[in-house]
Amino acid sequence: MAARALRLTLGLLATLFAASFVIFGALYAAPGDPASFLVGGQEDATPEKLAAVRAAYHLDDPFLVRYGDWLGGVLHGDFGRSLQYNDHVADLLSSRLPTTLFLVAYSAVLFVVAGIALGVVSAVRGGRLDAVIVAVSTLLASIPKFVKALALVAFFGVQLGWFPVTGAGGGFTDRLYHLTLPALALALGELAVVSRVTRQSMVEQYKQDHVAVARAAGLAEHKVVRRHVLRNALAPVVTMCGLIVASLFAGTVVVETAFGISGMGSLLVQSIDMHDFPVTQAVLLLMVLAYMVVTTVVDLLHPLIDPRVRLEGSRA
Amino acid sequence: MTLLQDSQPGRPSSDPRSPGRASGPRTAAEPAATRRRRSARRRKWPLSLWIASGFLALTALAALLASVISPYAPDAIDLGASLADPDANHLLGTDQSGRDLLSRVLHGAGPSLVAPLALLALASVVGIALGTVAAWHGGWVDALLSRVTDVMFAFPGLLFVILVVSVFGDGLTTAVVALALAYSPVVAKYTRSIALAERSKPYIDAYRVQGMSGTAICALRLVPNLAPQLLGYLVLMFGQVLMGMATLSYLGFGAQPPSSEWGLMVKEGQAALVQGALWPVIVPGTAIALVVVAFNIVGVRISDRLGARER
């Protein structure tokens, strides 16, 4: 158990290290001089300005020294200065991070609850209802997030006027209200996978002897489903949900742009439009970090959720 | 319990998502009956498959004949008809500059379909080559390639593509190459897994004994033998690739104005949405969704016929 945790953590660190190297090194892959790339978005790229950027970013230092400095800064929470806002990148991030975290958490709650519920209904009722659930959830997964987002805006925002179409709102309830449509746009596409994994896992449990025993003992069907089938079926569902949550961070790029929410995702798009590379680097690094940490935690938790995995591991 | 047995094999199913299950007779029938069996199966094409393949054929036709059949030029500006609702003049309405949406969506079909095809072709060339080399060579080559793949997989969704675009600037070519780079590890991983199994088959050893070089075996025997499976896998990827390309254009990193690529059309139509004009977003958005859904329906069928999902 401890050895596995150590191995996973080391793997995580190695991958993060490599990813940070890619994100940092991308600057040097750009065609032309890194200094002129960094001021690329600005028209007044005088030689003095280039020299200033060169000095500010220590571009004359060797590559590995620069990388070391940058990584050292990042580990202390210093992502450098934004070229456009002339502000510390860390301050920009900290003002936007809560919105994105809220959106991801809200969306996670939506798809986990709805996805598992649909999966249970599919497994218990089966037949035509199952086919309808599969068809609708697959359809939702086949529509790009930005189309779903704008369709929600068009219908619930503009036509019906039930929800605001832009902004993130302040305060908890207002924010919940503002982020309902964005969270839905993010969550709807994930229902297909979650409901199918739930259904499949439950169907496998139905065949097990312990379910037959529970029925034979005269347990009410809803109790059989809840205590025996669903509970035993949950492990793969939890793992899958964890992986999806990890990938939701990347999904915020599109959804925040569609709803005009100022979060991490829209910051990434803006920073690219404005050639603000330090900000791009920081947001990408944080998103990769969030993704990798969540997936590793899911891996680590798997044997805790499902002790049967632990048994198999020790036997092997 | 009885309800659960609905999905048991052997039961004839008209469900497009599970044609594999309905293929029971395929293994049971003898080769002599192949022709009859095939025609019987063709008659059993479910309705959704007919609609989907018909729609795709129409879309391809529209992309080819866009300049002939569209009523207006895609960039003909008519400020007098800005944000018009659908009527006899403009069957699907107009956008903010008064450009006819039907003409634009027809002209956009070309770039919207060709760009994903091109990038999928590029990704499959790179991915199949890398995956085959990794499986064939093994050892440090395999280890190195799988480390590189791991790092690429550390970037969720389109983030790797966004990194490339942020460095090399936006534009359709950059977006296509970047997406191809991002999808090639996926192809490489799949290729490696099936090539490993194929490599251990006796016929490969037979070629080796005959003195055929490793490169020749890979290029002339191994990859061609994997082709059906690979094709089946790539067909299933197409919907996802098309969505990725459209998303990139929507973010402004893919096709650039005045192109009427569908993702870009959605981006340009978004401003009109808050004014209550839904058509500029709904028309291209629906086009993307319909093509992806249709392709998924057809793709699952093709993929099953090619046996990519059974192994």
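Counting restarts for each chain: residues are numbered from 1 in the order of the written sequence. All chains are assigned letters beginning with A, and all ligands numbers beginning with 1, in the order in which they are written. Since the coordinates come from a predicted model, pLDDT governs what is reported: local features require at least 70, and pairs of side-chain atoms require 80 or more to be given and counted, while whole-chain, interface and lining totals use all residues.

As recorded by an unreviewed UniProt entry, chain B carries the name ABC transporter permease and is attributed to Streptodolium elevatio. UniProt positions are given in the numbering used here, feature names are shortened, and annotations may be inferred rather than shown by experiment. UniProt lists a comment for chain B under the heading Sequence similarities (unreviewed entry), and it reads "Belongs to the binding-protein-dependent transport system permease family."

Looking up chain A in an unreviewed UniProt entry gives the name ABC transporter permease, with the organism given as Streptodolium elevatio. UniProt's Sequence similarities (unreviewed entry) comment on chain A is quoted here verbatim: "Belongs to the binding-protein-dependent transport system permease family." The annotation that UniProt attaches to chain A under Subcellular location (unreviewed entry) is "Cell membrane".

J.: Honestly, the overall build of chain A in this entry has me stumped. Any pointers?
T.: Within chain A, the regular secondary structure consists of 15 helices and zero strands. For the exposure call, what matters is how many other C-beta atoms sit within 10 Å of a residue's own: 20 or more marks it buried, 12 or fewer exposed, and in between partly exposed, using C-beta atoms placed from the backbone. Out of the 316 residues in chain A, the part that is buried amounts to 39%. Two residues qualify as a contact pair if the distance between their C-beta atoms, derived from the backbone, is within 7 Å. Sequence-distant contacts, at least 24 apart, represent 69% of the contacts inside chain A between residues at least 6 apart. By the criteria applied, helices consist of DSSP H or I runs no shorter than four residues and strands consist of E runs no shorter than two, each listed in order from the N terminus.

J.: Help me understand the overall build of chain B, please; the structure alone is not making it clear to me.
T.: If you tally the helices and strands in chain B, you get 11 helices and zero strands. Traced from its N-terminal end to its C-terminal end, chain B shows the element sequence α-α-α-α-α-α-α-α-α-α-α. Looking at the 311 residues of chain B, the share that counts as buried comes to 44%. In chain B, the proportion of contacts linking residues at least 24 apart, taken out of those at least 6 apart, comes to 69%.

J.: Explanation requested: unusual backbone geometry in the structure shown.
T.: Comment: phi is negative for the bulk of residues other than glycine, and the bulk of peptide bonds are trans. Each neighbour pair has its own omega, and for Pro257 of chain B with Pro258 of chain B the value is 5°, a cis peptide bond. Within the secondary structure layout, Pro258 of chain B lies in the loop between α9 (214–250) and α10 (262–273).

J.: Would you mind showing me how to read the environment of Gly115 of chain A here?
T.: All names here are of chain A. Looking at the secondary structure, you find Gly115 in helix α5 (residues 89–125). Sequence spacing of Gly115 and Val153 is 38 residues, and the spatial spacing of their C-alpha atoms is 22 Å. Ignoring any residue separated from it by four or fewer positions in sequence, one finds Gly115 in contact with Glu190, Leu191, Val194, Ser195 and Thr198.

J.: What is the right way to look at the UniProt feature "transmembrane region" (unreviewed entry) in chain B in this model?
T.: Residue and element names in this part refer to chain B. UniProt tags residues 45–69, 113–136, 148–168, 230–253 and 273–299 as "transmembrane region" (unreviewed entry). The span residues 113–136 shows a helical share of 100% and a strand share of 0%, and its end C-alpha atoms are spaced 34 Å apart. A distance of 21 Å separates the end C-alpha atoms of residues 148–168, which is 76% helix and 0% strand.

J.: Can you walk me through the confidence of the model for chain B in this structure?
T.: Low-confidence regions, as indicated by low pLDDT, have predicted coordinates that should not be scrutinised in detail. Residues and elements named next belong to chain B. The predictor rates its confidence in each residue with pLDDT, a number between 0 and 100. With 85% of its residues at a pLDDT of 70 or more, chain B has an overall mean of 81. Note that pLDDT drops below 50 for residues 1–30; the model gives that stretch 33 contacts with residues more than four away or on any other chain. Interface scoring of the predicted complex returns ipTM 0.85; its pTM is 0.83.

J.: Would you mind showing me how to read the packing of helix α3 (residues 47–69) of chain B against helix α11 (residues 279–306) of chain B here?
T.: Packed helices, taken two at a time, are described by the angle their axes make and the gap between the axes. Residue and element names in this part refer to chain B. Simply put, an axis is a line fit to the C-alpha atoms, just over the touching stretch for a helix, and the angle between two N-to-C directions goes from 0 to 180 degrees. Closest axis-to-axis distance for the α3/α11 pair is 9 Å, and the angle between their directions is 120°. In terms of their interaxial angle, α3 and α11 are classed as oblique. The way α3 lies across α11 gives a crossing that is left-handed. On α11, the residues touching Ser48, Leu49, Ala52, Ser53, Phe55, Leu56 and Thr59 of α3 are Leu290, Val291, Ala294, Phe295, Ile297, Val298 and Arg301. Working rule for angles: under 35 degrees goes down as roughly parallel, over 145 as roughly antiparallel, 65 to 115 as roughly perpendicular, anything else as oblique. Handedness of a helix crossing follows the sense of rotation of the near helix relative to the far helix, less than a right angle counterclockwise being left-handed and clockwise being right-handed.

J.: Looking at this model, I keep getting lost on α3 of chain B. Mind explaining?
T.: Think of an α-helix as turning once every 3.6 residues; residues three or four places apart then point the same way. Residues and elements named next belong to chain B. The terminal C-alpha atoms of α3 lie 28 Å apart, and with 23 residues this falls more than 12% below the ideal 33 Å at 1.5 Å per residue. For a residue, the bend is simply the angle between two axes, fitted respectively to the seven-residue segment ending there and the seven-residue segment starting there. Along α3, the helix axis deviates most sharply at Ala63, where the bend reaches about 55°. The buried count for α3 comes to two of 23 residues, which makes it a mostly uncovered element. The span you would expect from a helix comes to 1.5 Å times its residue count less one.

J.: Got a minute to help me understand the interface of chain A and chain B in this structure?
T.: When the parts come together, some accessible area is lost, and that loss is often what is quoted as the size of the interface. Tallying the contact residues gives 45 residues for chain A and 41 residues for chain B. Broken down by secondary-structure element, the contributors of at least two residues to the side of chain A that touches chain B are α1 (2–29), α6 (127–141), α7 (145–159), α10 (191–206), α12 (221–259), α13 (264–273) and α14 (277–305) of chain A. The classification used treats Ala, Val, Leu, Ile, Met, Phe, Trp, Tyr, Cys and Pro as nonpolar, Asp, Glu, Lys and Arg as charged, and all other residues, Gly among them, as polar. Considering only residue class, the side of chain A that touches chain B consists of 35 nonpolar, eight polar and two charged.

J.: Even after reading the chapter, I still don't get the UniProt feature "transmembrane region" (unreviewed entry) in chain A, so can you show me in this structure?
T.: Residue and element names in this part refer to chain A. Per the UniProt annotation, the sites labelled "transmembrane region" (unreviewed entry) are residues 101–124, 131–156, 176–197, 233–259 and 279–301. Secondary structure content for residues 131–156 is 88% helix and 0% strand, while the C-alpha to C-alpha distance between its ends is 27 Å. Along residues 279–301, the helical share is 100% and the strand share 0%, with 33 Å between the first and last C-alpha atoms.

J.: I would appreciate a short explanation of the UniProt feature "domain: ABC transmembrane type-1" (unreviewed entry) in chain A in the present structure.
T.: Under the UniProt annotation, "domain: ABC transmembrane type-1" (unreviewed entry) lies at residues 97–298 of chain A. Overall, residues 97–298 of chain A shows 84% helix and 0% strand. The separation of its end C-alpha atoms is 22 Å.

J.: Mind showing me how you'd approach the nonpolar core here?
T.: Nonpolar side chains in soluble globular proteins tend to be buried together. Judged by nonpolar contacts, the single largest core of 158 residues is most densely connected at Leu150, Val194, Met287 and Val288 of chain A together with Leu159, Val161 and Leu179 of chain B. Considering each element in turn, this core owes the most residues, 18 residues, to α12 of chain A. With residues up to four places along the chain from it excluded, the contact list for Met287 of chain A reads Phe249, Ala250 and Met264 of chain A together with Leu159 of chain B. To count as a nonpolar core, a set of buried Ala, Val, Leu, Ile, Met, Phe, Trp, Tyr and Cys residues must be joined through C-beta atoms within 7 Å. The next biggest cluster of nonpolar side chains, apart from the first, holds eight residues, and it includes Leu38, Val53, Tyr57 and Phe277 of chain A.

J.: In this structure, what is going on with the UniProt feature "domain: ABC transmembrane type-1" (unreviewed entry) in chain B? I would like to understand it.
T.: As annotated by UniProt and renumbered to match this structure, "domain: ABC transmembrane type-1" (unreviewed entry) occupies residues 109–299 of chain B. The span residues 109–299 of chain B shows a helical share of 84% and a strand share of 0%, and its end C-alpha atoms are spaced 19 Å apart.

J.: Would you mind going over the environment of Lys145 of chain A with me for this structure?
T.: Residue and element names in this part refer to chain A. Tracing the backbone shows Lys145 in helix α7. Overall, Lys145 belongs to the buried group, with 22 C-beta atoms counted inside 10 Å. As for Lys145 and Gly251, which are separated by 106 residues in sequence, their C-alpha atoms are 7.8 Å apart. Setting aside residues no more than four positions away along its own chain, Lys145 makes contact with Ala185, Leu186, Gly189, Gly251, Val254 and Val255.

J.: Explanation requested: α6 of chain A in the structure shown.
T.: All names here are of chain A. Between its first and last C-alpha atoms α6 spans 21 Å; for 15 residues at 1.5 Å apiece the expected length is 21 Å, and the two agree. The set of residues buried in α6 consists of Asp130, Ile133, Ser137 and Ala141. One side of α6 carries all its buried residues, which in axial view fall inside an arc of 65°. Exposed and facing more than 90 degrees away from the buried side of α6 are Arg128 and Val132. In the core, the buried residues of α6 are packed alongside α5 and α10. This arc is built from the directions going out from the helix axis to the C-beta atoms.

J.: Any chance you could explain the packing of α14 of chain A against helix α6 (residues 159–168) of chain B here in plain terms?
T.: As a packed pair, α14 of chain A and α6 of chain B sit with axes 11 Å apart at the nearest point and diverge in direction by 165°. With respect to α6 of chain B, the element α14 of chain A is oriented roughly antiparallel. The crossing of α14 of chain A and α6 of chain B is left-handed. Contacts between α14 of chain A and α6 of chain B involve Phe277, Thr280, Leu284, Met287 and Val288 of chain A from the first element and Leu159, Leu163 and Ser166 of chain B from the second. Residue classes in the contact of α14 of chain A with α6 of chain B are distributed as six nonpolar, two polar and no charged.

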